[in-house]
Amino acid sequence: MKEEERVLTLDNYEYGVMVNALNELRNDLIEEQRPTDAVDELLLKTIDAPTKKQKRRIHDEAR
């Protein structure tokens, strides 16, 4: 059975909040000497996520 994929669309502010929150969680886990593997993978996926360019319509104006 194929795994379900989810796609999030974040603006720059939300993206920064996500990266900071994951990093804080990772730091807390390190402090508690707990494994960080899952958070590490998710943090890397978030950082390496491609950006989607917005489609913009270009209108030729008569000059």
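Since the structure is predicted, the reported quantities are computational estimates derived from the model, not experimental observations.

### A few points about the overall build of the chain
Move 1: Scanning the chain for helices and strands turns up 2 helices and 0 strands.
Move 2: Expressed as a percentage of its 63 residues, the buried residues of the chain come to 11%.
Move 3: Looking at the chain as shown, the accessible area adds up to about 7000 Å², and 49% of this sits on carbon and sulfur atoms.

### Some details on the side chain of Thr36
Move 1: For Thr36, the position within the fold is in the loop between α1 (12-31) and α2 (37-48).
Move 2: Of the residues examined, Thr36 reaches a relative accessible area of 13% and is grouped as buried.
Move 3: Among all residues touching Thr36, those that are not within four sequence positions of it are Arg26, Leu29 and Ile30.

### Details of a nonpolar patch on the surface
Move 1: Taken together, the side chains of Leu8, Leu10, Tyr15 and Ile47 define a hydrophobic patch exposed on the protein surface, amounting to about 370 Å² of accessible area.
Move 2: Mapped onto the secondary structure, Leu10 falls in the segment before α1.
Move 3: Relative accessible area serves as the criterion here: at 36%, Leu10 is assigned to the partly exposed category.

### Quick word on the layout of surface pockets
Move 1: Counted as a void, the largest pocket has a volume near 1000 Å³.
Move 2: Looking at the lining of the largest pocket, the elements with two or more residues in it are α1 and α2.
Move 3: Looking at the lining of the largest pocket residue by residue, the class counts come to 10 nonpolar, 5 polar and 7 charged.

### Brief notes about the packing of α1 against α2
For any two helices packed against each other, one specifies the crossing angle of their axes together with the interaxial distance.
Move 1: The N-to-C vectors of α1 and α2 enclose an angle of 160°; their axes lie 10 Å apart at closest approach. One element, α1, and the other, α2, form an angle in the roughly antiparallel class. Here α1 runs over α2; the crossing is left-handed. Here Tyr15, Met18, Val19, Leu22, Asn23, Leu25, Arg26 and Leu29 of α1 lie close against α2, whose contacting residues are Val39, Asp40, Leu42, Leu43, Thr46 and Ile47.
Move 2: Residue composition of the contact of α1 with α2, grouped by class: 10 nonpolar, 2 polar and 2 charged.

### Things to note about the nonpolar core
Move 1: Counting residues in each nonpolar core, the largest one holds 5 residues, listed as Val19, Leu22, Leu29, Val39 and Leu43.
Move 2: Elements that contribute at least two residues to this core include exactly α1 and α2.
Move 3: Here this core takes 3 residues from α1, the largest share from any one element.
Move 4: Filtering out sequence-adjacent residues up to four positions away, Leu43 remains in contact with Val19, Leu22, Asn23 and Arg26.

Definitions and cut-offs
Residues numbered from 1 in each chain as written. Predicted model: local features only at pLDDT ≥ 70, side-chain atom pairs only at ≥ 80, totals over all residues. Heavy atoms only, no water. Helix = DSSP H or I, 4+ residues; strand = E, 2+ residues; numbered from the N terminus. Buried < 20%, exposed > 50% of the residue type's maximum accessible area, 1.4 Å probe, protein only. Areas by Shrake-Rupley, 256 points an atom, 1.4 Å probe, with all protein chains shown as cover. Contact = heavy atoms within 4.5 Å. Patch = residues over 30% accessible without salt bridge, like charges linked within 9 Å, V, L, I, M, F, W, Y side chains within 5 Å. Salt bridge = Lys/Arg side-chain N within 4 Å of Asp/Glu carboxyl O. 1 Å grid on protein atoms, 1.4 Å probe; cavity = no way out; pocket = protein on both sides within 12 Å on 5 of 7 lines; lining within 4 Å. Points joined across faces, edges and corners; volume = space filled by probe spheres on them. Nonpolar A, V, L, I, M, F, W, Y, C, P; charged D, E, K, R; others polar. Axes fitted to C-alpha atoms, helices over the stretch in contact; angles between N-to-C directions. Parallel < 35°, antiparallel > 145°, perpendicular 65-115°, else oblique. Left-handed = near helix turned anticlockwise from the far one by under 90°. Core = buried A, V, L, I, M, F, W, Y, C linked by side-chain atoms within 4.5 Å.

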